[in-house]
Amino acid sequence: MIGLVLSVLLSLNGVEVQARDVPDDQGGAVELRVNFSRPLDISKILIYRVANGDTVSKKVAELDVNGQTKIKYIDKHVKNGVPVQYTLFLISQLGDTLGTVRTQMVEAKPSIFNKRKTFLLLAVLSYIALLIYFMSQARRGRELYLRPIAGLIEVDNAIGRATEMGRPILFSPGLSTISDVATIAALNILAYITRKVAAYETRIIVPVYDPIVYTIAQEVVKDAYTAAGRPDLYRAEDVFFLTSRQFAYAAGVSGIMVREKTAANFFMGYFFAESLILAETGASTGAIQIAGTDAVTQLPFFITACDYTLMGEELYAAGAYLAKDPRLTATIKGQDVMKATLATLLLLITLIAFIGPKLGLHINWETFKAYIVGL
Amino acid sequence: MFLSRTLPMILVFVMGIIGFSLYFIPHPAARQFENTLSQWSIAIGSFAIFLAITSLIRRYINNIKRGKDVFYSIVALVALFGMAGLGLFAGIDEKSLFQKIFINVNVPLDATMFSLLAFYVTSAAYRAFRARNVEATLLLVTAVVVILGISTIGDTQVWLRKTAEWIMNVPNLAQKRGILIGVGLGVIATSVKIILGIERNWMGG
Amino acid sequence: MANNEKKTTTFLEKIGQIPRFWIYLGLLVILMLPLILRIKAKPRMGMETKMVYDFIDSLPPGSVIMLSFTYGPSARPELEPMALAIMRHAYMRGIRVMGMTLSVEGTGLGLEAMTRVAKEFEEAGYPLTYGEDWVYLGYKTGWAMVIRGIGGDFHETFPRDYYGNDTRKMALTRDIQNYDDIALVIDFASGGSPGSWITYAYQQFDQKVAAGVTAVMGADWQPYIRTGQLVGMLNGMKAAADYEAKTIEMMEKRFGYTPKPYATVGIVSVTWAQIYLIILIIIGNISFFALRRRRRR
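Residues numbered from 1 in each chain as written. Chains lettered and ligands numbered in written order. Predicted model: local features only at pLDDT ≥ 70, side-chain atom pairs only at ≥ 80, totals over all residues. Heavy atoms only, no water.

J.: Any details on the overall build of chain B? Residues and values, ideally.
T.: Along its length, chain B carries eight helices and zero strands. Relative to its length of 205 residues, chain B is extended, with a C-alpha radius of gyration of 26 Å against a globular reference of 17 Å. Projecting the C-alpha coordinates of chain B onto the three principal axes gives extents of approximately 60 × 50 × 40 Å. Out of the 205 residues in chain B, the part that is buried amounts to 37%. The contacts in chain B between residues at least 6 apart in sequence include a share of 25% that link residues at least 24 apart. (Helix = DSSP H or I, 4+ residues; strand = E, 2+ residues; numbered from the N terminus. Rg over C-alpha atoms; globule rule 2.2 N^0.38 Å. Buried < 20%, exposed > 50% of the residue type's maximum accessible area, 1.4 Å probe, protein only. Contact = heavy atoms within 4.5 Å.)

Shown next, in the form of structure tokens:
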């Protein structure tokens, strides 16, 4: 094993000390394990470290023993690539030094790959392979059935209603940044809605919370108008940065809904506690409201105050669903297959956890957690 | 075309793969590289603030020109330039005018907006919690038990507190994890689509 | 008789559609009353709050904890009393406190909370020394980079405190190299910052992390307590009141000094409002069933 230096030295009968480089880390750490094979009158262990070539050792820790038979300590202040040696002073209840134990030289090394994440890597790669398989199937023309999502069917109706009433549509892409998938999904939906809006010659107002999202939203809307063949209808001032403060944004958007009497409101993306303020104000103006978020705690608020709500991954699927691009919808199929696999695995593991011990099967859950979950 | 389409897609592909790999590499060099990337994104992001503020100013000036929401627009512009000016020229320490306005104007305004939630929650719960069918009745009973159980009433009624905690920690957590697993898979799928250049709406459709 | 029944039915139907204005007004009165009359509650600690309390209580005197004030003014009524109570508890146990914030809005609020508790101890006759018992580091931009930075080198991340003092020279911060020297980080948050602390401080550096969050966001962080990624959580006004009541009692016993209560008063409003909400739900359902019965007839 790379970087593993094991040293066992016994200068006191019944005490075993192991020092090794902590594996799968960024380096700079050495793990010390002390095992007492018989009860000793030890209350404290003083740990001193000396680097190769140095003459002065430095005290790194003082550990309470309290009757424990196994003690683990990680020294996180070791320089990478410099061999160090530890001396442990075993102190009795009365304060006398009962003995000293010295380890061999050990060297802290950084790892190139975190082996604890091997299973995770394999799992993610298999999932990606599955997604690519379904995408290639779709490209070959294989029809994939997708269940209808009520909220998305209603998008067209909401735009139609706003057009009939001659009132604008409001679209909020949430309060998160562009690095959030929910925001990207929201922008996908915005592109679709804007193309429809351009075709119907309706107005769309897009107040944005994040400056970077603002610049992208502006491009999305402009491109969508151009794609629909109506670049003349694009109004730059309707896609605007409002504020980066949560409740100021809620106040601003609420004001727009009330003053502009928007006929349809779309809240798509990641939302926080302001979700209900937005949705309730919109409901009080009588607008049709469609929300979509992966913020689990905000879902109940949207479900209560909006006409339709896209929950969790439905939001991500929306862009693919609306665009009707078979390659995009194919990934939804891949997600479902993976979900079924995970559900089966979870059931199996739960079953093993319950029945395993009765069948004499002993599972080390710590190792399971470390190498399967990667924690 | 190359600058607006091909180059961004190449960049996303390369950086996407690197970003993914970094998660599995604990080496300090990888951490350093990740930090550099974060610093770049902060620096690039700062430029977007200028664009954003320009859009804000343009919108309010247009409003004033068109005679629409003139009062609100003036308030917004005065607040924007006033606070920025105060912060830049008169300092932001504890006793500065900037801090005073922040504490005495911003804080109450923000708290007011947040407190609206209480009113909206009450009104929404009153309208929505109707025992229309079995599921709605279950929801209603669960809501009442949780509301009472986690409040001070639960301090004296231990069974109520225990039931509320069980509801929060078992069925509630289970559904939440279910949704989160779906969300996680969706995030990976969307990321793969972006990295492979199948999903392109993020660069304007 | 038939006429009477018709009238009753109409009334029952009507109460199912109380206009928003009256619902809001009723709530306003109910929220205001306990605040005006300063009615105080004597709450008992919930499980998640107790986990934080017990953890702090088990720390040896001289330990250092770090508070992150990652909230804005809107969440202040819920989160500030938590921070005040935790500081009181820490100081009474001889634990030293560092404060910092990852959000610009939290800068002034964090400073105010820390100075307020320092003032309370001064009034109680046990003055605390800045730089020894407490330090305020202020705002640092970079979010995750700051959290990671503390794990690497504390002094590099925070070379100076809020007032510009050198952190390598102050008694409290002099010996702090990284998370190894910080017993607990408590993030008071109105947003997603506990997630960053869990991802970077706990996952990468094994740092013990606790969270103090608004009730609206509380359910978001509950899963992390079960997995041990958070040592505990203070959830909303109830937790703030629980902790505050406990620390006020401790200060009264030890110093004969009563700090000004916030959450123990606020929680009465919250409880009354919760009862009001349940009454409204019941009224709504009575009306709903009355209407359904008539329709069936």
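J.: Tell me what's going on with the sheet that holds strand β13 (residues 308-311) of chain A, and back it up with residues and numbers.
T.: All names here are of chain A. Spatially, six strands are ordered β10-β9-β8-β11-β12-β13 in an open sheet, and the strand pairing comes out parallel. Since the sheet does not close on itself, it has two edges, and those belong to β10 (239-241) and β13, each with one partner. Strand-to-strand twist in this sheet, taken as the mean axis angle between neighbours without regard to direction, amounts to 15 degrees. Sheet analysis places strand β8 (residues 169-172) next to strand β9 (residues 204-208), joined by two bridges and oriented parallel. Within β9, the residue paired with isoleucine 169 across the bridge is isoleucine 204. Of the strands in this sheet, β8, β9, β10 and β11 (264-268) touch helix α5 (residues 246-260), which is tilted by about 165 degrees from β9. (Pairing = 2+ DSSP bridges. Axes fitted to C-alpha atoms, helices over the stretch in contact; angles between N-to-C directions.)

J.: Tell me about the pattern of salt bridges, residues and numbers included.
T.: Two side chains carrying opposite charge are able to pair once their charged atoms lie near each other. For the structure shown, the criterion picks out 40 salt bridges over all chains. Taken together, the shared-partner salt bridges connect A:Arg203, A:Arg235, A:Asp238, A:Glu260 and B:Lys68 into one network. (Salt bridge = Lys/Arg side-chain N within 4 Å of Asp/Glu carboxyl O.)

J.: Would you mind going over the pairing of β13(A) in detail, with residue names and values included?
T.: Looking down a regular strand, the side chains alternate between one sheet face and the other. All names here are of chain A. Summarising the sheet, strand β12 (residues 288-293) and β13 pair through four bridges and their orientation is parallel. Bridged to threonine 293 within β13 is methionine 311. For the crossover that starts at β12, traverses helix α7 (residues 299-305) and ends in the parallel β13, the hand is right-handed. (Right-handed = clockwise from strand over helix to strand, strands pointing away.)

J.: Tell me about the interface of chain A and chain B, and name the residues and values.
T.: In this complex, chain A contributes 70 residues to the contact, which on the side of chain B involves 61 residues. There are six salt bridges connecting chain A and chain B. Linking B:Arg66 and A:Glu237 is a salt bridge whose minimum nitrogen-to-oxygen distance equals 3.2 Å. For the side of chain A that touches chain B, a count of residues per class yields 40 nonpolar, 13 polar and 17 charged. (Nonpolar A, V, L, I, M, F, W, Y, C, P; charged D, E, K, R; others polar.)

J.: Summarise the pairing of β9(A); cite the residues concerned and give the values.
T.: Residue and element names in this part refer to chain A. Burial of β9 is extensive: five of the five residues sit out of reach of the surface. Residues of β9 alternate between two faces, with Ile204, Val206 and Val208 on one and Ile205 and Pro207 on the opposite face, all of them buried. Of the strand pairs in this sheet, β9 and β10 are connected by three bridges, and their pairing is parallel. Its bridge partner being in β10, valine 206 is matched across the sheet by valine 239. Of the crossover connections in this fold, the one passing from β9 over helix α4 (residues 211-227) to the parallel β10 is right-handed.

J.: Lay out helix α2 (residues 20-37) of chain C in plain terms, naming residues and giving numbers.
T.: Spacing of three or four residues puts side chains on the same side of an α-helix, whose turn is 3.6 residues. Residue and element names in this part refer to chain C. A rise of 1.5 Å per residue sets the reference length of α2, with its 18 residues, at 26 Å; its end C-alpha atoms lie 26 Å apart and thus fit the reference within 8%. Inspection of α2 places Ile23, Leu27, Ile30 and Pro34 among the buried residues, and these make up the whole buried set. Each buried residue of α2 lies within a common arc of 60 degrees when the element is viewed along its axis, so the set occupies one face. Facing away from the buried side of α2 by over 90 degrees, the exposed positions are Phe21, Trp22, Ile36 and Leu37. In the stretch just after α2, arginine 38 is the one whose phi turns positive, near 50 degrees. (Expected span 1.5 Å × (residues − 1). Arc of directions from axis to C-beta.)

J.: Can you lay out the interface of chain A and chain C for me, pointing to particular residues and giving the numbers?
T.: Listed per partner, the contact involves 15 residues of chain A and 17 residues of chain C. For the pair chain A and chain C, the two sides together bury roughly 1,300 Å², of which 46% comes from carbon and sulfur. In terms of surface lost to chain C, no three residues of chain A exceed A:Lys76, A:His77 and A:Thr297, which account for 35% of the buried area on that side. Applying the counting rule to chain A against chain C returns three salt bridges. Split by residue class, the side of chain A that touches chain C holds six nonpolar, five polar and four charged. (Buried area = accessible area lost by both parts, 1.4 Å probe.)

J.: Kindly report on the nonpolar core, identifying the contributing residues and their values.
T.: Among the nonpolar cores identified, the biggest contains 130 residues, and A:Phe171, A:Ile193, A:Phe266, C:Ile150 and C:Trp197 are the most heavily contacted of them. Among the elements that line this core, the one with the most residues is helix α3 (residues 181-200) of chain A, at twelve residues. The residues contacting C:Ile150, other than those within four sequence positions of it, are C:Met66, C:Met100, C:Thr157, C:Phe158, C:Gln177, C:Asn178, C:Tyr179, C:Ile182 and C:Trp197. Membership of the second largest hydrophobic core comes to 52 residues, among which are C:Tyr53, C:Ala113, C:Ala118 and C:Phe255. (Core = buried A, V, L, I, M, F, W, Y, C linked by side-chain atoms within 4.5 Å.)

J.: Help me get a handle on the packing of aromatic side chains, residues and values and all.
T.: Tallying each qualifying case throughout the model produces 33 aromatic pairs over all chains. Relative to C:Trp134, the ring of C:Tyr130 lies with its centre 4.7 Å away and its plane at 85 degrees, an arrangement referred to as edge-to-face. Look at C:Trp221 and C:Tyr224: their rings are 5.5 Å apart centre to centre, the planes differ by 40 degrees, and that puts the pair in the tilted class. Remark: C:Tyr224 and C:Trp221 occur in helix α10 (residues 215-226); sequence separation between them is three residues, near one turn of the helix. Here C:Trp221 falls in the buried class, since its relative accessible area comes to 8%. The ring of B:Tyr23 has A:Lys117 lying over it, and the distance from NZ or CZ to the ring centre is 4.0 Å. A cation sits over an aromatic face here: B:Arg130 above B:Tyr126, 5.5 Å from the ring centre. (Phe/Tyr/Trp six-rings, centres within 6.5 Å; stacked < 30°, edge-to-face > 60°. Lys NZ or Arg CZ within 6 Å of the ring centre and 35° of its normal.)

J.: So what's going on with the environment of A:Arg245? Residues and values would help.
T.: Residue placement: A:Arg245 occurs in the loop between β10 and α5. With 35 residues separating them in the primary sequence, A:Arg245 and A:Asp210 have C-alpha atoms 9.4 Å apart. Those residues within four positions of A:Arg245 in sequence are excluded, and the remaining contacts are A:Tyr209, B:Phe102, B:Asn106, B:Asp110, C:Pro73 and C:Glu105. Looking at A:Arg245, its side chain comes within polar contact range of the side chain of C:Glu105, at 3.2 Å. (Polar contact = N/O pair within 3.5 Å; in protein donor to acceptor, adjacent residues only side chain to side chain.)

J.: Quick one: what's the story with the side chain of B:Lys193, residue by residue and with numbers?
T.: Assignment of secondary structure puts B:Lys193 in helix α8 (residues 171-195). Classification of B:Lys193 by relative accessible area gives buried; the value is 1%. If we skip the residues at most four places from it in the chain, B:Lys193 touches A:Ala320, A:Leu328, A:Thr331, B:Ile198 and B:Glu199.

J.: Explain the sheet that holds strand β6 (residues 84-92) of chain A to me, using residue names and the numbers behind them.
T.: Residue and element names in this part refer to chain A. Taken in spatial order, the four strands line up as β4-β3-β6-β7 in an open sheet, and their pairing is antiparallel. Pairing within the sheet leaves two strands with one partner each, and these edge strands are β4 (58-64) and β7 (97-102). Direction aside, neighbouring strands of the sheet carry axes that sit 20 degrees apart on average. In terms of strand pairing, strand β3 (residues 42-51) meets β6 through nine bridges, oriented antiparallel.

J.: Can you tell me about the environment of C:Glu122, naming the residues and giving the values?
T.: Residues and elements named next belong to chain C. Considering the arrangement of structural elements, one finds glutamate 122 in helix α5 (residues 106-123). Residue glutamate 122 is classed as exposed on the basis of its relative accessible area of 55%. Separated by twelve residues in sequence, glutamate 122 and glycine 110 have C-alpha atoms that sit 19 Å apart.

J.: Outline a nonpolar patch on the surface, supporting the account with residue identities and numerical values.
T.: Taken together, the side chains of A:Ile132, B:Phe2, B:Leu3, B:Leu7, B:Ile10, B:Leu11, B:Phe13, B:Val14, B:Met15, B:Ile17, B:Phe33 and B:Leu196 present a nonpolar region at the surface, about 1,100 Å² in accessible area. In terms of residues, the nonpolar patch owes the most to one element, helix α1 (residues 2-22) of chain B, which gives nine residues. You can see B:Leu196 is positioned in the segment after α8. Residue B:Leu196 is classed as partly exposed on the basis of its relative accessible area of 41%. (Patch = residues over 30% accessible without salt bridge, like charges linked within 9 Å, V, L, I, M, F, W, Y side chains within 5 Å. Areas by Shrake-Rupley, 256 points an atom, 1.4 Å probe, with all protein chains shown as cover.)

J.: How would you sum up the environment of B:Ile167? Please name residues and give values.
T.: Residue and element names in this part refer to chain B. Here isoleucine 167 lies in helix α7 (residues 158-169). Overall, isoleucine 167 belongs to the buried group, its relative accessible area being 13%. Distance from isoleucine 167 to threonine 142, taken between C-alpha atoms, is 7.7 Å for residues 25 residues apart in sequence. Apart from residues no more than four positions distant in its own chain, isoleucine 167 is found in contact with Thr142, Val145, Val146 and Asn172.

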